[in-house]
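Close look at the chain arrangement
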Amino acid sequence: MSTYRDFAHRGSARATVLRTVGTRERRSHLSAPRVPTVGIDIGGTKVMAGVVDADGKILEKVRTETPDKSKSPKVVEDTICELVLDLSDRHDVHAVGIGAAGWVDADRNRVLFAPHLSWRNEPLRDSLQSRLAVPVMVDNDANTAAWAEWRFGAGAGEDHLVMITLGTGIGGAILEDGQVKRGKFGVAGEFGHMQVVPGGHRCPCGNRGCWEQYSSGNALVREARELAAADSPVAYNIIDRVKGQIPDITGPLITELAREGDAMCVELLQDIGQWLGVGIANLAAALDPSCFVIGGGVSAADDLLIGPARDAFRRHLTGRGYRPEARIAKAQLGPEAGMVGAADLARLVARRFRRANRRRLERYERYERYAQAIRTTTRHTQGNK
(Lines give C-alpha, C1' and ligand atoms only; values in the text may rest on other atoms or scores of the structure.)
Protein backbone atom coordinates (compact mmCIF):
# COMPACT_ATOMS: atom_id res chain seq x y z
CA MET A 1 0.00 0.00 0.00
CA SER A 2 1.38 3.45 -0.87
CA THR A 3 2.31 5.73 2.01
CA TYR A 4 0.98 9.26 2.23
CA ARG A 5 4.47 10.57 1.48
CA ASP A 6 4.40 8.76 -1.83
CA PHE A 7 0.91 10.02 -2.54
CA ALA A 8 1.70 13.63 -1.66
CA HIS A 9 4.63 13.82 -4.03
CA ARG A 10 3.04 12.42 -7.15
CA GLY A 11 3.99 14.53 -10.12
CA SER A 12 0.50 14.77 -11.60
CA ALA A 13 -0.98 16.38 -8.51
CA ARG A 14 1.86 18.85 -8.32
CA ALA A 15 1.53 19.77 -11.98
CA THR A 16 -2.18 20.47 -11.46
CA VAL A 17 -1.31 22.94 -8.71
CA LEU A 18 1.37 24.65 -10.80
CA ARG A 19 -1.02 25.19 -13.71
CA THR A 20 -3.29 27.29 -11.50
CA VAL A 21 -0.64 29.83 -10.51
CA GLY A 22 -1.03 32.20 -13.46
CA THR A 23 -4.75 32.77 -12.90
CA ARG A 24 -4.47 33.39 -9.14
CA GLU A 25 -1.32 35.50 -8.82
CA ARG A 26 -2.99 38.83 -8.13
CA ARG A 27 -2.24 40.04 -4.61
CA SER A 28 -1.60 36.49 -3.47
CA HIS A 29 1.89 37.46 -2.29
CA LEU A 30 0.19 39.00 0.75
CA SER A 31 -0.76 35.57 2.06
CA ALA A 32 2.15 33.53 0.69
CA PRO A 33 4.00 31.45 3.30
CA ARG A 34 7.01 33.17 4.85
CA VAL A 35 9.36 30.34 3.97
CA PRO A 36 12.77 30.39 2.24
CA THR A 37 12.82 29.62 -1.47
CA VAL A 38 15.54 29.38 -4.10
CA GLY A 39 15.67 31.83 -6.99
CA ILE A 40 17.75 31.11 -10.10
CA ASP A 41 18.71 33.62 -12.78
CA ILE A 42 19.93 31.98 -16.01
CA GLY A 43 21.73 34.17 -18.51
CA GLY A 44 24.02 33.64 -21.45
CA THR A 45 27.17 33.77 -19.31
CA LYS A 46 26.20 32.83 -15.75
CA VAL A 47 23.76 30.88 -13.63
CA MET A 48 23.15 32.56 -10.27
CA ALA A 49 21.18 30.89 -7.49
CA GLY A 50 20.27 32.13 -4.05
CA VAL A 51 18.14 31.36 -1.02
CA VAL A 52 15.76 34.29 -0.42
CA ASP A 53 13.49 34.93 2.56
CA ALA A 54 9.99 36.41 2.50
CA ASP A 55 11.34 39.98 2.82
CA GLY A 56 13.54 39.67 -0.26
CA LYS A 57 16.74 39.23 1.76
CA ILE A 58 19.35 36.95 0.17
CA LEU A 59 20.46 34.41 2.77
CA GLU A 60 23.09 32.76 0.56
CA LYS A 61 24.13 33.10 -3.07
CA VAL A 62 26.14 30.88 -5.40
CA ARG A 63 26.96 31.22 -9.08
CA THR A 64 28.67 29.38 -11.88
CA GLU A 65 29.31 29.86 -15.57
CA THR A 66 26.54 28.91 -17.98
CA PRO A 67 27.49 25.75 -19.90
CA ASP A 68 28.35 26.49 -23.51
CA LYS A 69 25.23 26.95 -25.65
CA SER A 70 26.34 24.20 -28.02
CA LYS A 71 25.76 21.67 -25.25
CA SER A 72 22.45 19.88 -24.74
CA PRO A 73 19.70 21.46 -22.56
CA LYS A 74 20.25 18.66 -20.07
CA VAL A 75 23.69 20.06 -19.27
CA VAL A 76 22.14 23.36 -18.16
CA GLU A 77 19.45 21.50 -16.21
CA ASP A 78 22.19 19.47 -14.49
CA THR A 79 23.85 22.72 -13.45
CA ILE A 80 20.59 24.07 -12.02
CA CYS A 81 19.96 20.90 -10.03
CA GLU A 82 23.49 20.91 -8.64
CA LEU A 83 23.08 24.48 -7.38
CA VAL A 84 19.68 23.77 -5.82
CA LEU A 85 20.90 20.62 -4.09
CA ASP A 86 23.98 22.45 -2.83
CA LEU A 87 21.84 25.19 -1.25
CA SER A 88 19.35 22.63 0.08
CA ASP A 89 22.14 21.06 2.14
CA ARG A 90 22.22 24.21 4.29
CA HIS A 91 18.70 25.62 3.99
CA ASP A 92 15.14 24.35 4.29
CA VAL A 93 14.04 25.10 0.72
CA HIS A 94 10.29 25.01 -0.02
CA ALA A 95 10.20 25.89 -3.75
CA VAL A 96 12.43 26.87 -6.67
CA GLY A 97 11.83 29.80 -9.02
CA ILE A 98 13.70 30.21 -12.31
CA GLY A 99 14.12 33.38 -14.33
CA ALA A 100 15.19 32.29 -17.82
CA ALA A 101 16.61 34.57 -20.50
CA GLY A 102 14.14 33.53 -23.16
CA TRP A 103 10.52 33.30 -24.15
CA VAL A 104 8.45 31.26 -21.69
CA ASP A 105 5.01 29.98 -22.68
CA ALA A 106 1.79 31.10 -20.98
CA ASP A 107 1.72 27.96 -18.78
CA ARG A 108 5.23 28.78 -17.58
CA ASN A 109 6.47 25.34 -18.41
CA ARG A 110 8.31 25.51 -21.74
CA VAL A 111 11.09 27.85 -22.79
CA LEU A 112 10.01 28.49 -26.36
CA PHE A 113 13.26 30.15 -27.40
CA ALA A 114 16.42 31.26 -25.62
CA PRO A 115 18.87 33.24 -27.78
CA HIS A 116 21.93 32.38 -25.69
CA LEU A 117 21.09 28.75 -24.81
CA SER A 118 20.08 25.59 -26.69
CA TRP A 119 16.48 25.71 -25.45
CA ARG A 120 13.93 25.38 -28.23
CA ASN A 121 10.43 24.50 -26.96
CA GLU A 122 12.12 22.97 -23.93
CA PRO A 123 9.81 21.66 -21.12
CA LEU A 124 12.08 23.13 -18.44
CA ARG A 125 9.64 23.09 -15.53
CA ASP A 126 8.57 19.48 -16.02
CA SER A 127 12.16 18.36 -16.58
CA LEU A 128 13.31 19.92 -13.33
CA GLN A 129 10.14 18.95 -11.49
CA SER A 130 10.92 15.29 -12.04
CA ARG A 131 14.37 15.74 -10.48
CA LEU A 132 13.77 18.06 -7.52
CA ALA A 133 11.69 17.31 -4.43
CA VAL A 134 10.06 20.76 -4.32
CA PRO A 135 7.70 22.60 -6.70
CA VAL A 136 9.28 24.60 -9.52
CA MET A 137 8.18 27.89 -11.14
CA VAL A 138 9.60 29.14 -14.48
CA ASP A 139 9.27 32.66 -15.91
CA ASN A 140 11.09 35.12 -18.14
CA ASP A 141 14.00 36.82 -16.35
CA ALA A 142 12.68 40.33 -17.05
CA ASN A 143 9.34 39.37 -15.48
CA THR A 144 11.06 38.09 -12.36
CA ALA A 145 13.24 41.23 -12.13
CA ALA A 146 10.18 43.47 -12.48
CA TRP A 147 8.37 41.51 -9.78
CA ALA A 148 11.33 41.98 -7.42
CA GLU A 149 11.50 45.73 -8.05
CA TRP A 150 7.75 46.02 -7.48
CA ARG A 151 7.88 44.02 -4.27
CA PHE A 152 11.13 45.26 -2.74
CA GLY A 153 12.71 47.96 -4.90
CA ALA A 154 12.22 51.06 -7.01
CA GLY A 155 8.66 50.17 -8.07
CA ALA A 156 7.25 49.50 -4.61
CA GLY A 157 3.72 50.84 -4.26
CA GLU A 158 3.15 51.36 -8.00
CA ASP A 159 -0.04 49.97 -9.52
CA HIS A 160 1.12 50.27 -13.15
CA LEU A 161 4.80 49.59 -13.70
CA VAL A 162 6.96 48.90 -16.74
CA MET A 163 10.44 47.42 -16.29
CA ILE A 164 13.12 47.90 -18.95
CA THR A 165 16.32 45.88 -18.66
CA LEU A 166 19.30 47.18 -20.59
CA GLY A 167 21.95 44.53 -21.08
CA THR A 168 23.26 42.84 -24.20
CA GLY A 169 19.84 43.69 -25.63
CA ILE A 170 16.64 45.12 -24.15
CA GLY A 171 14.16 43.10 -22.15
CA GLY A 172 11.03 44.25 -20.41
CA ALA A 173 8.00 43.45 -18.32
CA ILE A 174 4.61 44.91 -17.44
CA LEU A 175 2.92 44.79 -14.03
CA GLU A 176 -0.63 45.96 -13.41
CA ASP A 177 -2.39 45.77 -10.04
CA GLY A 178 0.06 43.24 -8.66
CA GLN A 179 0.00 40.93 -11.66
CA VAL A 180 2.63 40.31 -14.32
CA LYS A 181 1.06 40.76 -17.75
CA ARG A 182 2.46 37.98 -19.90
CA GLY A 183 0.14 38.16 -22.90
CA LYS A 184 -1.88 35.42 -24.56
CA PHE A 185 1.16 33.33 -25.47
CA GLY A 186 3.41 34.34 -22.58
CA VAL A 187 5.89 36.48 -24.53
CA ALA A 188 4.76 40.05 -23.76
CA GLY A 189 7.41 42.61 -22.88
CA GLU A 190 9.88 42.06 -25.73
CA PHE A 191 10.24 45.82 -26.09
CA GLY A 192 13.73 45.60 -27.53
CA HIS A 193 12.33 44.42 -30.84
CA MET A 194 10.04 47.37 -31.46
CA GLN A 195 11.12 48.91 -34.76
CA VAL A 196 12.31 52.49 -34.23
CA VAL A 197 14.41 53.01 -37.40
CA PRO A 198 12.93 51.37 -40.52
CA GLY A 199 15.76 49.83 -42.52
CA GLY A 200 18.23 50.50 -39.69
CA HIS A 201 20.86 48.26 -38.11
CA ARG A 202 20.31 44.54 -38.58
CA CYS A 203 19.18 42.82 -35.39
CA PRO A 204 19.93 39.17 -34.48
CA CYS A 205 16.16 38.64 -34.39
CA GLY A 206 16.20 38.97 -38.20
CA ASN A 207 14.63 42.42 -38.50
CA ARG A 208 16.18 45.84 -38.99
CA GLY A 209 16.02 48.94 -36.82
CA CYS A 210 15.01 47.30 -33.53
CA TRP A 211 15.14 49.52 -30.44
CA GLU A 212 17.88 47.43 -28.83
CA GLN A 213 20.17 48.20 -31.77
CA TYR A 214 20.22 51.82 -30.58
CA SER A 215 19.85 51.63 -26.81
CA SER A 216 21.61 48.63 -25.24
CA GLY A 217 24.99 47.38 -24.15
CA ASN A 218 25.65 46.00 -27.61
CA ALA A 219 24.82 49.33 -29.22
CA LEU A 220 27.09 51.20 -26.81
CA VAL A 221 30.06 48.90 -27.43
CA ARG A 222 29.46 48.80 -31.19
CA GLU A 223 29.63 52.59 -31.48
CA ALA A 224 32.76 52.84 -29.36
CA ARG A 225 34.55 50.11 -31.31
CA GLU A 226 33.61 51.68 -34.65
CA LEU A 227 35.12 55.00 -33.59
CA ALA A 228 38.22 53.25 -32.29
CA ALA A 229 38.57 51.17 -35.47
CA ALA A 230 38.35 54.38 -37.54
CA ASP A 231 41.20 55.79 -35.41
CA SER A 232 39.01 58.77 -34.52
CA PRO A 233 40.79 61.43 -32.46
CA VAL A 234 37.94 61.34 -29.93
CA ALA A 235 38.71 57.66 -29.30
CA TYR A 236 42.41 58.03 -28.47
CA ASN A 237 41.81 57.77 -24.74
CA ILE A 238 39.91 54.49 -24.91
CA ILE A 239 42.34 53.09 -27.51
CA ASP A 240 45.17 53.84 -25.13
CA ARG A 241 43.28 52.23 -22.23
CA VAL A 242 42.91 48.92 -24.11
CA LYS A 243 46.45 49.17 -25.57
CA GLY A 244 45.08 49.14 -29.11
CA GLN A 245 43.09 45.93 -28.60
CA ILE A 246 39.71 47.14 -29.85
CA PRO A 247 37.85 43.88 -28.98
CA ASP A 248 38.73 44.62 -25.33
CA ILE A 249 36.41 47.65 -25.32
CA THR A 250 33.44 46.80 -23.08
CA GLY A 251 30.39 48.53 -21.67
CA PRO A 252 31.76 48.75 -18.10
CA LEU A 253 34.98 50.32 -19.44
CA ILE A 254 32.99 52.95 -21.36
CA THR A 255 31.00 53.76 -18.23
CA GLU A 256 34.19 54.00 -16.16
CA LEU A 257 35.79 56.41 -18.63
CA ALA A 258 32.59 58.47 -18.82
CA ARG A 259 32.66 58.89 -15.04
CA GLU A 260 36.25 60.07 -15.39
CA GLY A 261 35.07 62.72 -17.84
CA ASP A 262 36.05 61.17 -21.20
CA ALA A 263 34.07 63.25 -23.72
CA MET A 264 33.50 60.45 -26.24
CA CYS A 265 32.20 58.01 -23.63
CA VAL A 266 29.94 60.66 -22.10
CA GLU A 267 28.52 61.41 -25.55
CA LEU A 268 27.97 57.72 -26.34
CA LEU A 269 25.99 57.23 -23.11
CA GLN A 270 23.98 60.36 -23.93
CA ASP A 271 23.13 58.92 -27.34
CA ILE A 272 22.06 55.61 -25.78
CA GLY A 273 20.04 57.52 -23.17
CA GLN A 274 18.27 59.62 -25.79
CA TRP A 275 17.22 56.51 -27.71
CA LEU A 276 16.08 55.04 -24.41
CA GLY A 277 13.87 58.10 -23.83
CA VAL A 278 12.34 57.81 -27.30
CA GLY A 279 11.39 54.20 -26.67
CA ILE A 280 9.98 54.99 -23.23
CA ALA A 281 7.80 57.74 -24.75
CA ASN A 282 6.42 55.18 -27.23
CA LEU A 283 5.67 52.76 -24.39
CA ALA A 284 3.97 55.52 -22.42
CA ALA A 285 1.70 56.22 -25.39
CA ALA A 286 0.76 52.54 -25.57
CA LEU A 287 0.65 51.49 -21.90
CA ASP A 288 0.38 54.69 -19.80
CA PRO A 289 2.16 53.34 -16.70
CA SER A 290 2.85 55.38 -13.59
CA CYS A 291 6.49 54.31 -13.39
CA PHE A 292 9.32 53.06 -15.59
CA VAL A 293 12.07 51.15 -13.80
CA ILE A 294 15.39 50.95 -15.68
CA GLY A 295 17.58 47.97 -14.81
CA GLY A 296 20.24 45.77 -16.35
CA GLY A 297 23.99 46.20 -16.56
CA VAL A 298 23.93 49.41 -18.63
CA SER A 299 21.86 51.18 -15.95
CA ALA A 300 25.02 51.23 -13.82
CA ALA A 301 25.86 54.45 -15.69
CA ASP A 302 23.22 56.16 -13.51
CA ASP A 303 22.45 59.76 -14.53
CA LEU A 304 24.95 59.65 -17.39
CA LEU A 305 22.30 57.45 -19.04
CA ILE A 306 19.04 58.13 -17.23
CA GLY A 307 19.38 61.92 -17.29
CA PRO A 308 19.38 62.08 -21.11
CA ALA A 309 16.62 59.46 -21.17
CA ARG A 310 14.37 61.66 -19.00
CA ASP A 311 15.04 64.67 -21.26
CA ALA A 312 14.27 62.74 -24.45
CA PHE A 313 11.17 61.21 -22.84
CA ARG A 314 9.75 64.67 -22.10
CA ARG A 315 10.52 65.90 -25.63
CA HIS A 316 8.84 62.93 -27.35
CA LEU A 317 5.93 62.17 -25.02
CA THR A 318 2.60 62.31 -26.81
CA GLY A 319 0.45 65.12 -25.39
CA ARG A 320 3.40 66.54 -23.45
CA GLY A 321 2.42 69.42 -21.23
CA TYR A 322 -1.19 68.22 -21.03
CA ARG A 323 -0.85 64.87 -19.30
CA PRO A 324 0.81 63.45 -16.18
CA GLU A 325 4.34 62.13 -16.76
CA ALA A 326 5.41 58.70 -15.59
CA ARG A 327 8.25 58.53 -13.10
CA ILE A 328 11.53 57.11 -14.45
CA ALA A 329 13.62 55.40 -11.77
CA LYS A 330 16.78 53.33 -11.72
CA ALA A 331 16.32 49.78 -10.43
CA GLN A 332 17.48 49.31 -6.84
CA LEU A 333 18.17 45.58 -6.57
CA GLY A 334 20.99 45.39 -9.12
CA PRO A 335 21.97 42.13 -10.81
CA GLU A 336 20.21 40.05 -8.12
CA ALA A 337 16.74 41.35 -9.07
CA GLY A 338 15.87 38.43 -11.36
CA MET A 339 16.97 35.90 -8.77
CA VAL A 340 15.05 37.60 -5.93
CA GLY A 341 11.90 37.92 -8.04
CA ALA A 342 12.03 34.29 -9.14
CA ALA A 343 12.33 33.16 -5.52
CA ASP A 344 9.41 35.36 -4.46
CA LEU A 345 7.16 34.12 -7.26
CA ALA A 346 8.09 30.55 -6.31
CA ARG A 347 6.77 31.27 -2.82
CA LEU A 348 3.27 31.56 -4.33
CA VAL A 349 3.68 28.07 -5.78
CA ALA A 350 4.87 26.78 -2.42
CA ARG A 351 1.73 28.09 -0.74
CA ARG A 352 -0.65 26.48 -3.20
CA PHE A 353 1.24 23.22 -3.15
CA ARG A 354 1.13 23.19 0.64
CA ARG A 355 -2.63 23.82 0.55
CA ALA A 356 -3.09 20.98 -1.91
CA ASN A 357 -0.98 18.72 0.29
CA ARG A 358 -3.06 19.69 3.32
CA ARG A 359 -6.30 18.89 1.53
CA ARG A 360 -4.91 15.54 0.38
CA LEU A 361 -3.75 14.83 3.92
CA GLU A 362 -7.22 15.61 5.28
CA ARG A 363 -8.78 13.27 2.72
CA TYR A 364 -6.25 10.58 3.56
CA GLU A 365 -6.92 10.95 7.31
CA ARG A 366 -10.68 10.67 6.70
CA TYR A 367 -10.04 7.56 4.66
CA GLU A 368 -7.86 6.09 7.44
CA ARG A 369 -10.55 6.81 10.06
CA TYR A 370 -13.15 5.16 7.86
CA ALA A 371 -10.88 2.15 7.20
CA GLN A 372 -10.12 1.84 10.90
CA ALA A 373 -13.83 1.87 11.72
CA ILE A 374 -14.44 -0.89 9.14
CA ARG A 375 -11.59 -2.98 10.59
CA THR A 376 -12.93 -2.51 14.15
CA THR A 377 -16.44 -3.51 13.09
CA THR A 378 -15.11 -6.56 11.23
CA ARG A 379 -13.08 -7.75 14.25
CA HIS A 380 -16.08 -7.24 16.55
CA THR A 381 -18.34 -9.22 14.21
CA GLN A 382 -15.84 -12.08 13.88
CA GLY A 383 -15.39 -12.17 17.67
CA ASN A 384 -19.13 -12.72 18.21
CA LYS A 385 -19.24 -15.74 15.92
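Residues numbered from 1 in each chain as written. Predicted model: local features only at pLDDT ≥ 70, side-chain atom pairs only at ≥ 80, totals over all residues. Heavy atoms only, no water.

In the annotation of an unreviewed UniProt entry, the entry for the protein chain reads Glucokinase, and the organism field reads Streptomyces cavernicola. According to the UniProt record, the Sequence similarities (unreviewed entry) comment for the protein chain is "Belongs to the ROK (NagC/XylR) family." (UniProt positions renumbered as here; feature names shortened; annotations may be inferred.)

As for the packing of aromatic side chains
Applying the stated criterion across every chain yields a total of three aromatic pairs. Seen from their ring centres, Trp147 and Trp150 are 5.1 Å apart, and the 55° between their planes marks the pair as tilted. Here Trp150 and Trp147 lie together in helix 5 (residues 141-152), a separation of three residues that amounts to about one turn. Per residue, the accessibility class of Trp147 equals that of Trp150, and both read buried. On the numbers, 6.2 Å between centres and 70° between planes, the contact of Phe292 with Phe313 is edge-to-face. Here Phe313 lies in helix 10 (residues 303-316) and Phe292 lies in strand 12 (residues 291-295), a separation of 21 residues in the sequence. The class for Phe292 is buried, based on a relative accessible area of 0%. (Phe/Tyr/Trp six-rings, centres within 6.5 Å; stacked < 30°, edge-to-face > 60°. Helix = DSSP H or I, 4+ residues; strand = E, 2+ residues; numbered from the N terminus. Buried < 20%, exposed > 50% of the residue type's maximum accessible area, 1.4 Å probe, protein only.)

Examining the confidence of the model for the protein chain
Averaged over every residue, the pLDDT of the protein chain is 84; residues scoring 70 or more account for 83%. Mean pLDDT across the secondary structure elements of the protein chain bottoms out at helix 1 (residues 4-8), with 38, and peaks at helix 9 (residues 263-287), with 96. In the predicted structure, residues 1-24 sits below a pLDDT of 50 and forms 38 contacts with residues beyond four places in sequence or in another chain. pLDDT under 50 marks residues 354-359. Its contacts with residues more than four places away, or in other chains, come to six contacts. (pLDDT = per-residue confidence, 0-100. Contact = heavy atoms within 4.5 Å.)

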